[in-house]
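Chain by chain, the residues run as shown.
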Amino acid sequence: QDFQTSLRPYQEEVVQRALRGENAIIWLPTGGGKTRAAVHVARRHLEVTPGARVAVLVNRIHLVDQHYENEFKTALQDFRLAPISGDSGQKDFFGCMVKDFDVIICTAQILENALVSTEEEKHVELTDFTLLIIDECHHTHKEGVYNKIMARYVEKKLRREEGLPQILGLTASPGTGGSKTIKHAVEHVLKICANLDSVIVSTKNYIPQLKDVVPSPRKEYKIANKRISDPFGDHLKNMMKMVHEFMDVTMIFSAFGTQEYEAEVVNLEKEGVQVENRLWAQCAVHLRTYNDALLINDAVRMVDALQVVEDFYASRTATEIDGTDFFLSGLFQENRVELRLLASTVCYENPNLDRLERTLLEQFSKPSKCIIFVKTRLIAHCLLGWVCANVQLQNAKIKAAVLTGAGTGANNMSQVHQKDTIEQFRGDALNLLISTSVGEEGLDIPECNMVVRYGLLTNEIAQQQASGRARAQGSIYAVVAREGGRELQREKLNEYLEELTAKAVAEVQRMEREEPQNYQQKITELQKDAVWCRMLNEQSRQERRHRFGAEQVQLSCRKCFTSVAQGSDMRLIENSHHVNVNPDFKNHYRSGGQVRLERDFEEWEPGRTISCQKCGNDWGMEIKFKKGPVLPCLSIKSFSLKTPQGIILPKKWKDVEFPVEDFVLADYILDTFPDLDIY
């Protein structure tokens, strides 16, 4: 009873339809208590629904434990709860866990894997649940995992299947889907409602109280001076001009140091590989690195930009195979000393950093907690290096750390490291987080005094999410940007899109209230259209998958164009890992250092990295079976595929246009050792 009366009036208002068993999306701002409202609905549902079983789905790993510890555990202590994330062994027995617990809190991907699994211990059906709570439900669109789950739901609903769970979505902003007109913004909100088969609800009677509980942070634009002189950047651009002259390409390119130029050299590399013009392909790879360095130079320090280029060339030592390689590596070596000299000249440093320094010193003149949002993991790490090396910031007792997405790359964090960093920031060990978008959604840090968006071009949803991180009384939402820069223009546009989102939601709510028949017809039409599109896309995917026979496809190294394998050499493990089973393939690669992955696998473990014997191109890693062979697992991005209709460059294995057979260990042993009697 105590818990049930702890909802604020506006929360009581937005949960009413869900309490009546209707599918609903709760739209409240960040910090408005969406999760608390969801817990209230879950508790009532568990109390009144026979055989109730609730799944709480999140889209970030760290939110599993956060929701469990901070919200659901105490409020639902009379029920059996289980938090399950990617680093938990319990996911391998997901089907069993669902039978044994009343509430499962997990990442959406774990539920999706269980829905498609054929193993009894893992498999579940949507009808095994009576309530699905979907956090950050504005992600329920396109090919996102939320939408994959809800696509099954909608198909079953249109077939009038019984026993489907109630849906409760939570969002701080459904967004406009990139639309700038009210008509298309309404269409976007309707699609989100259709995908979730839900109505969207928000407070109408308690708006002043909501604003008191969730005060908007004060927005401040911290305008940096224009860079008067940039000899380091100019020197990089001169080197890029020399590469263009060496390539002798007649194409017209955008300005160096822009996203547009990056897209153009990415396409040039693809074109070079497809026509087997190694000069174009390799020059494009090097030009992209120089362009990355210019973008870093524009965001952080010159030494960080130089490090990008030096790391790139360090990874390519002793891999020159023709005149193109010798020219490109020689160009860098000839200019290395000059670049180092320019990068160390303080008077040419980035003025954005000076503005950020003043902003932080002003804020940290009193005890504070601050988050800086940046675009990439690399920029986050570079900015941390700058903070740690800045004497004035260290004297201000700033204790900083990076928060980025989980993964296995050089700049990725482990899930454990993510959790530790968030806990340290909640406590006293850290007072400044430098975060990528992973920190925008759901991060529960009520006492954050300032959010800084540093050199970011994002949509209105990300802007609202980031703004919502500043929850302390009198908090500040600061935008550090150059005078006249695109970041300022985007911030102004996002403010307009925020207002447009509110108008679109209000119009959808009016339709549902005043024209219920018309509204329901529109939702059903959108659902049927989505099902039809998915069927056509799946049919097209299947046709593409069998466009060529596996024996007709040749895999070549994307860097040196050496033909190294056939499609028929490939096999699929656990529906995700593609290995080459041809014993002769080992002649084409060399092994490197040991690969370490966070998660464990039942049948195999990672071995060493593998790279092209001829040019050193990274190809992937070995897979070591616990009871059997060591096989090379290939990254498709490292290869071009020569087909009867030309060369193609799939980004992912799911895009290849030939069938790949499943790996069967017994078959592999028989094929490799035909004289061996295994029976």
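Here the structure is a predicted model, which means the values were calculated and not measured.

Caption draft 1: Looking closely at the pattern of salt bridges. In this structure the tally under the stated criterion is 44 salt bridges. Note that Asp-322 and Arg-278 form a salt bridge whose closest N and O atoms lie 2.9 Å from each other. Of this pair, Asp-322 sits in the loop between helix H12 (302-314) and helix H13 (323-343) while Arg-278 sits in helix H11 (residues 278-299); the two residues are 44 residues apart in sequence, bridging distant segments of the chain. Residues participating in the shared-partner salt-bridge network are Glu-507, Arg-510, Arg-513, Glu-514 and Glu-515.

Caption draft 2: Quick look at helix H15 (residues 377-389). A rise of 1.5 Å per residue sets the reference length of H15, with its 13 residues, at 18 Å; its end C-alpha atoms lie 19 Å apart and thus fit the reference within 8%. Taken together, the buried positions of H15 are occupied by Ile-379, Ala-380, Cys-382, Leu-383, Leu-384, Trp-386 and Val-387.

Caption draft 3: Inspection of the pairing of strand E14 (residues 554-557) at higher detail. Where E14 and strand E15 (residues 563-566) come together, three bridges link them in antiparallel fashion. Following the sheet pairing, Leu-555 is matched in E15 by Ala-565. Counted between consecutive antiparallel strands, the loop separating E14 from E15 contains five residues, among which Phe-561 sits at a positive phi close to 70°. Note: E14 against strand E22 (residues 639-643), four bridges, orientation antiparallel. Within E22, the residue paired with Ser-556 across the bridge is Ser-640.

Caption draft 4: Examining a positive patch on the surface more closely. Residues Lys-148, Lys-637, Lys-651 and Lys-652 make up a contiguous surface patch of positive charge. By the element assignment, Lys-652 lies in the loop between strand E23 (646-648) and strand E24 (661-662).

Caption draft 5: Structural context of the nonpolar core. Counting 80 residues, the largest nonpolar core has Ile-26, Leu-57, Phe-72, Phe-94, Leu-111, Ile-133 and Leu-168 as the members making the most contacts within it. Apart from residues lying up to four places away in sequence, Leu-57 is in contact with Cys-106, Ala-108, Leu-111, Ile-133, Ile-134, Asp-135, Tyr-146 and Ile-149. Residues Leu-294, Met-302, Ile-372 and Leu-393 belong to the second largest nonpolar core, which totals 60 residues.

Caption draft 6: Structural detail: the packing of helix H6 (residues 145-158) against helix H20 (residues 516-545). Look at H6 against H20: their axes get within 10 Å of each other, and the N-to-C directions meet at 115°. Classified by the interaxial angle, the pair formed by H6 and H20 is roughly perpendicular. Here the hand of the crossing between H6 and H20 comes out left-handed. Contact residues: H6 offers Asn-147, Ala-151, Val-154, Glu-155, Lys-157 and Leu-158, while H20 offers Gln-520, Thr-524, Gln-527, Lys-528, Val-531 and Arg-534. The residue makeup of the contact of H6 with H20, split by class, is four nonpolar, four polar and four charged.

Caption draft 7: Seen up close, the environment of Ala-565. Along the chain, Ala-565 turns up in strand E15. With 43 residues separating them along the chain, Ala-565 and Lys-522 place their C-alpha atoms 51 Å apart. Those residues in contact with Ala-565, other than ones at most four positions away along the chain, are Val-553, Gln-554, Leu-555, Asn-580 and Phe-585.

Caption draft 8: Broad picture of H20. Counted at 1.5 Å a residue, the expected span for H20 with its 30 residues is 44 Å, and the 43 Å between its end C-alpha atoms agrees. Residues of H20 that are buried: Tyr-519, Ile-523, Leu-526, Gln-527, Ala-530, Val-531 and Arg-545. If you follow the buried residues of H20, they end up packed against H6, helix H7 (182-195), strand E7 (199-201), helix H19 (486-514) and strand E17 (577-580).

Caption draft 9: How the structure looks around the pairing of strand E20 (residues 618-625). Bridging between strand E19 (residues 604-612) and E20 involves six bridges; their strand directions are antiparallel. In the sheet register, Trp-604 faces E20, and the bridge partner there is Phe-625. Hairpin remark: E19 followed by E20, antiparallel, with five residues in the connecting loop; positive phi at Gly-616, about 85°. Relative to strand E21 (residues 630-634), E20 runs antiparallel, the two being bridged by five bridges. Looking across to E21, one finds that Met-621 is bridged to Cys-633.

Caption draft 10: How the structure looks around the sheet that holds E23. Spatial ordering of the open sheet is given by E15-E14-E22-E23, a layout of four strands whose pairing is antiparallel. Strands at the two margins of the open sheet, each flanked by one partner only, are E15 and E23. For this sheet, the mean inter-axis angle between neighbouring strands, taken without regard to orientation, is 30°.

Caption draft 11: Quick look at the packing of aromatic side chains. For the structure shown, the criterion picks out eleven aromatic pairs. Seen from their ring centres, Phe-246 and Phe-327 are 3.9 Å apart, and the 15° between their planes marks the pair as stacked. Note that Phe-246 is positioned in helix H9 (residues 231-247) and Phe-327 in helix H13, a separation of 81 residues in sequence. Using a relative accessible area of 24% as the deciding quantity, one classes Phe-327 as partly exposed. Summarising the aromatic geometry, the rings of Phe-253 and Tyr-261 are spaced 5.8 Å apart at their centres and angled 55° between planes, so their arrangement reads as tilted. Residue class for Phe-253 comes out buried when judged on its relative accessible area of 17%. Judged by relative accessible area, Tyr-261 falls into the buried class, the value being 0%. A network of ring pairs unites the aromatic residues Tyr-290, Phe-312, Tyr-313 and Phe-332 as a single cluster. Lying across the ring of Phe-425, Lys-369 places its NZ or CZ 5.3 Å from the centre.

Reading guide: rules and limits
Residues numbered from 1 in each chain as written. Predicted model: local features only at pLDDT ≥ 70, side-chain atom pairs only at ≥ 80, totals over all residues. Heavy atoms only, no water. Salt bridge = Lys/Arg side-chain N within 4 Å of Asp/Glu carboxyl O. Helix = DSSP H or I, 4+ residues; strand = E, 2+ residues; numbered from the N terminus. Expected span 1.5 Å × (residues − 1). Buried < 20%, exposed > 50% of the residue type's maximum accessible area, 1.4 Å probe, protein only. Pairing = 2+ DSSP bridges. Patch = residues over 30% accessible without salt bridge, like charges linked within 9 Å, V, L, I, M, F, W, Y side chains within 5 Å. Areas by Shrake-Rupley, 256 points an atom, 1.4 Å probe, with all protein chains shown as cover. Lys, Arg positive; Asp, Glu negative; His and termini not counted. Charge placed at Lys NZ, Arg CZ, Asp CG, Glu CD. Core = buried A, V, L, I, M, F, W, Y, C linked by side-chain atoms within 4.5 Å. Contact = heavy atoms within 4.5 Å. Axes fitted to C-alpha atoms, helices over the stretch in contact; angles between N-to-C directions. Parallel < 35°, antiparallel > 145°, perpendicular 65-115°, else oblique. Left-handed = near helix turned anticlockwise from the far one by under 90°. Nonpolar A, V, L, I, M, F, W, Y, C, P; charged D, E, K, R; others polar. Phe/Tyr/Trp six-rings, centres within 6.5 Å; stacked < 30°, edge-to-face > 60°. Lys NZ or Arg CZ within 6 Å of the ring centre and 35° of its normal.

Limitation: the analysis is restricted to geometry and does not speak to function.
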